[in-house]
Structures are given as structure tokens and as C-alpha cells.
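# Working through the structure, step by step
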Amino acid sequence: MRTVDVDAMKMHCEIRLTDEDAEVLRNALQKMLNEAPTVEAFPEWRDQNIEVPVDERCVLGTVTGKVKGVICQDAYMLVCYDHESREWYSFEEPEETVYVRWWMPLPEPPEAIGNGTEV
């Protein structure tokens, strides 16, 4: 997906242009779109009855159960899947197994800007 300034494009489109000017504008807009940074699509929710994570990286899950003494009902939480025991556990309390109905991979962190201290 590419981000586009729709208002700016609308402003340019409302101006009456000659065919030559329209072609120049079209080429400039195409160049801008080609050079625009892309945005990764956000991961979709996955049914844990159909698919589980391939490794033990943490994912975002909807959790039902007791975590740190608090009863949760479809709460969003960082969870991990243990392939050996075939159980989900809370990232915060690894010794507590939880019931996860839906999960999704976490997006990649943003790239560092400048010297790596800013985001």
C-alpha cells in the first residue's frame, strides 16, 4: 500500500489542463508514486484451531483465562505457543497457560532514523 496525498491530487485534477500539461502531471505523479515509501499490510487474525505460529516468537493473541490473578475474557495479550506441550502461555507469566482463540504476528519494528536513536 502506498500513502497518497488525495487532497493535493484532487486540487490538481480540478484545474483544467492541456493534454500536454496533463501528461506531464501524470508522469510526475507516477514518479512520485513509484518513489513513495511502501507501508506493509497489517497482519490478519488467525484461528488457532487452524494455524499456530511456526516458532516460539511472541504474537498478539486474544486470551481467555487467569493471568497474574486476573480473569481475562478475549483480552489482547502477548502470547507464545509451545510446540512441545501444544499450549499457549502468557509472555508476562510463562508458567501460566492460557486459552487463545485468535492470534496474529507482530509487525516488524520501524526502521531507525539517523543515528539509530530516533524512530
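Attention here is on the structure that accompanies the text. (Residues numbered from 1 in each chain as written. Predicted model: local features only at pLDDT ≥ 70, side-chain atom pairs only at ≥ 80, totals over all residues. Heavy atoms only, no water.)

### Comments concerning the pairing of strand S2 (residues 59-67)
- Across 8 bridges, the pairing between S2 and strand S3 (residues 70-82) is antiparallel. Bridging from a neighbouring strand, lysine 66 pairs with isoleucine 71 of S3.
- In sequence, S2 turns back onto S3 through a hairpin of 2 residues, with lysine 68 there showing a positive phi of about 55°.
- Across 5 bridges, S2 lies against strand S5 (residues 97-105) in antiparallel orientation. Note that in S5 the partner of threonine 64 across the bridge is tyrosine 99. (Pairing = 2+ DSSP bridges. Helix = DSSP H or I, 4+ residues; strand = E, 2+ residues; numbered from the N terminus.)

### Focus on the pairing of strand S4 (residues 87-90)
- The pairing of S3 with S4 spans 4 bridges and is classified as antiparallel. Note on S4: the bridge partner recorded for cysteine 80 is tyrosine 89.
- Taking the residues that link successive antiparallel strands as the turn, the S3-S4 hairpin has 4 residues, and the phi of arginine 86 there is positive, at about 60°.
- Sheet analysis places S4 next to S5, joined by 2 bridges and oriented antiparallel. Considered in S5, the bridge of tryptophan 88 is made with valine 98.
- Turn length for the S4-S5 hairpin, with the two strands adjacent in sequence and antiparallel, is 6 residues.

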